[in-house]
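Next come the chains, spelled out residue by residue.
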Amino acid sequence: MLTTPIGLAERGYLPDFLIRVGIRRLVADRLKLENRRRHGEPNITVAEYADWLRQQEIAVATEKANEQHYEVPPPFFRGCLGKHLKYSCCLFETPSTSLDEAEAAMLRLTCERAEIVDGMKILELGCGWGSLSLWMAEHFPTSQITAVSNSRPQREYIEAQARERGLTNLRIITADMRDFSIAEKFDRVVSVEMLEHMRNYAIVLERIRSWMHDDAKLFVHIFTHARLAYTFETEGESNWMGQHFFTGGQMPSRDLLSHFADDLTIEKQWEVSGRHYQLTSEAWLKNLDAHYHQLLPLLAGHPSGDPAEVVLQRWRIFYLSCAELFGYRGGNEWGVTHYLLRPTK
């Protein structure tokens with residue numbers, strides 16, 4: 001509704017500072033709600049949440065992820081992201097670090113923590129616009145990389161980039177992770193901000209283990225909350241993120257994966273402050289605003305049926321929301337967790 005705060009924000013009638021105030025209020029309300037669920041009656045612990053996930057489908061509403069993110073025209077993301085088109089948290093090593101530098105820093109750190117060496121056979125699950133796939137193909141030239149994308153436009157974009165760069169050691173597969181299967185075995189499996197779109201981690205990790213050699217490892221990069229785990233819902237104005245950008249997704253807690261050790265066990269774990277995602281999102285917003293008039297026509301005919309101006313403003317609010325969420329309380333509530341897992345048996 002136009003007269004609601006979110007309706008006014010989506011149509012550009014509210015200044016950013018008021019939108020940020022509203023987002024911070026919603027973030028505080030979310031914390032209160034999830035803490036009540038965890039400590040109230042009934043008492044929902046992370047272990048109980050994990051048990052609930054075991055009863056769910058492997059993923060839900062995967063088609064929405066394409067509509068909301070992955071089949072938006074590639075030029076839109078070229079106008080928002082850095083030169084590597086990394087659509088996930090970057091690493092700002094100093095206050096003066098540029099987005100391009102922060103993308104490269106996180107790509108290097110990912111390969112380092114995944115313990116990737118040249119010559120490995122690597123499987124990337126959920127490759128986005130190919131930032132990590134292309135990085136690995138270039139920096140590990142004798143490795144063979146297979147990357148899985150949920151989106152045909154993403155596959156076509158990455159394949160075009162590989163041809164342009166003369167990379168012949170990269171294969172892209174378009175598949176829904178609910179149905180994906182492969183008969184090969186790999187030395188490394190890597191996943192960057194894909195597991196947030198999954199529900200039943202028990203099935204996901206069992207399948208991943210079946211694609212790994214016995215001495216292989218899995219590297220996972222996911223955004224997390226320090227203590228709480230919850231799903232993104234779509235009902236009600238307060239669930240705007242679930243409605244427009246993260247339908248079917250979930251916010252894992254830092255310890256959630258440890259409850260799914262049947263097939264893969266956490267060997268190492270690292271925490272990345274939410275401040276890095278805050279700075280990433282602020283950089284995306286700055287780029288969007290700088291290219292506003294070039295990006296606007298790209299969103300005409302959006303599946304929502306809404307005017308391009310409204311859709312583009314939603315993207316602005318999305319970046320504002322991510323910046324405020326991950327920057328909340330100095331980046332100590334929400335952030336990114338890296339895991340290196342090895343086969344349990």
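Everything discussed here concerns the structure shown above.
All values derive from a computational prediction rather than experimental measurement. Residues take numbers from 1 onward in each chain, read along the sequence in its written order. Thresholds applied to this predicted model are a pLDDT of at least 70 for local features of residues and 80 or more for the giving and counting of side-chain atom pairs; totals over whole chains, interfaces and linings are not thresholded and use all residues. Computation of side-chain values covers all heavy atoms of the structure but excludes hydrogens and water.

So, about helix 8 (residues 152–165). Since there are 3.6 residues in each turn of an α-helix, residues three or four apart along the chain are aligned in direction. Note on conventions: DSSP H or I runs of at least 4 residues are helices, E runs of at least 2 residues are strands, and numbering of each starts at the N terminus. Here the expected length of a helix is defined as 1.5 Å per residue gap, with one fewer gap than residues. Relative to the 20 Å expected for 14 residues at 1.5 Å per residue, helix 8 spans 20 Å between its end C-alpha atoms, a close match to the ideal helical length. Three labels apply to residues, based on accessible area from a 1.4 Å probe with only protein chains included: buried if under 20% of the type maximum, exposed if over 50%, partly exposed otherwise in between. Taken together, the buried positions of helix 8 are P153, Q154, Y157, I158, Q161 and A162. Any pair of nitrogen or oxygen atoms within 3.5 Å is treated as a polar contact; in protein, a donor-acceptor pairing is required on top of that, and neighbouring residues in sequence qualify only through side-chain atoms on both sides. Its side-chain oxygen at 3.3 Å from the backbone nitrogen of Q154, S151 defines the N-terminal cap of helix 8. Just downstream of helix 8, G166 is the residue with a positive phi angle, here 70 degrees.

A few words now on the sheet that holds strand 4 (residues 186–192). Note on sheets: strands pair through backbone hydrogen bonds, and any given pair is parallel or antiparallel. Reading across from one edge, 3-2-1-4-5-9-8 is the order of the 7 strands in this open sheet, with mixed pairing throughout. With one partner strand each, in any of the chains shown, strand 3 (170–174) and strand 8 (264–272) form the two edges of the open sheet. The average angle at which neighbouring strand axes cross in this sheet is 15 degrees, direction not considered. Note: strand 5 (residues 212–225) against strand 9 (residues 334–343), 8 bridges, orientation antiparallel. When the sheet's bridge partners are listed, L218 is paired in strand 9 with L341. Helix 8 contacts strand 2 (144–149) and strand 3 of the sheet and is inclined by roughly 170 degrees relative to strand 3. Only when DSSP finds a minimum of two bridges between them are two strands counted as paired. Axis definition: a line fitted to C-alpha atoms, over the contacting stretch in the case of helices. Angles run 0 to 180 degrees between N-to-C directions. In this analysis, two residues are considered to be in contact whenever any of their non-hydrogen atoms come within 4.5 Å of each other.

Another point: the packing of aromatic side chains. Pairing of aromatic rings covers Phe, Tyr and Trp, the last through its six-membered ring, and needs centres within 6.5 Å; plane angles under 30 degrees mean stacked, over 60 mean edge-to-face, and all others mean tilted. Summed over the entire model, instances satisfying the criterion amount to 19 aromatic pairs. With 5.2 Å between their ring centres and 40 degrees between their planes, F77 and W129 make a pair best called tilted. Here W129 lies in the loop between strand 1 (121–125) and helix 7 (131–139) and F77 lies in helix 5 (residues 74–80), a separation of 52 residues in the sequence. Judged by its relative accessible area of 0%, F77 is buried. Both rings, one in W315 and one in F318, keep their centres 5.7 Å apart while their planes meet at 85 degrees; by these two values the pair is edge-to-face. Placement of the pair is W315 and F318 together in helix 13 (residues 308–327), with a separation of 3 residues, close to one helical turn. Take W315 and F318: they sit in the same class, and that class is buried. Throughout this description, the term charge over a ring refers to an Arg CZ or Lys NZ atom that lies within 6 Å of the ring centre and within 35 degrees of the ring normal. The ring of F186 carries K121 above its face, with NZ or CZ at 5.3 Å from the centroid.

The next subject is the environment of S321. Looking at the element boundaries, S321 is found in helix 13. Using a relative accessible area of 10% as the deciding quantity, one classes S321 as buried. Counting along the chain gives 294 residues from S321 to V27, while the straight-line C-alpha distance between them is 9.0 Å. Discounting residues that sit within four places of it in the chain, S321 has contacts with I23, W240 and M241.

Moving on, we get to the pairing of strand 4. A large share of strand 4 lies buried, amounting to 6 of its 7 residues. Summarising the sheet, strand 1 and strand 4 pair through 4 bridges and their orientation is parallel. Each residue of the ladder has a partner; that of L125, found in strand 4, is S191. Sheet topology note: the strand 4/strand 5 ladder contains 6 bridges and is parallel. Counted as the bridge partner of V190 is F219 from strand 5. Crossovers are marked right-handed if the path from the first strand over the helix to the second runs clockwise, as seen with the strands pointing away from the viewer. Handedness of the strand 4-helix 9 (residues 201–210)-strand 5 crossover: right-handed.

Salt bridges, as used here, are contacts in which a Lys or Arg side-chain nitrogen is within 4 Å of a carboxyl oxygen on Asp or Glu. In the structure shown here, the tally under the stated rule is 24 salt bridges. When the shortest N-O distance is used, the salt bridge between K121 and E184 registers 2.9 Å. Of the two residues, K121 is situated in strand 1 and E184 in the loop between strand 3 and strand 4; the sequence distance between them amounts to 63 residues. Given a relative accessible area of 28%, K121 falls into the partly exposed group. According to the relative accessible area criterion, E184 is partly exposed, its value standing at 24%. The salt bridge involving D306 is made with R314; its shortest N-O contact spans 2.7 Å. Classification of D306 by relative accessible area gives partly exposed; the value is 24%. One network of salt bridges, in which partners are shared, links E115, R188, K217, E267, K268 and R342.

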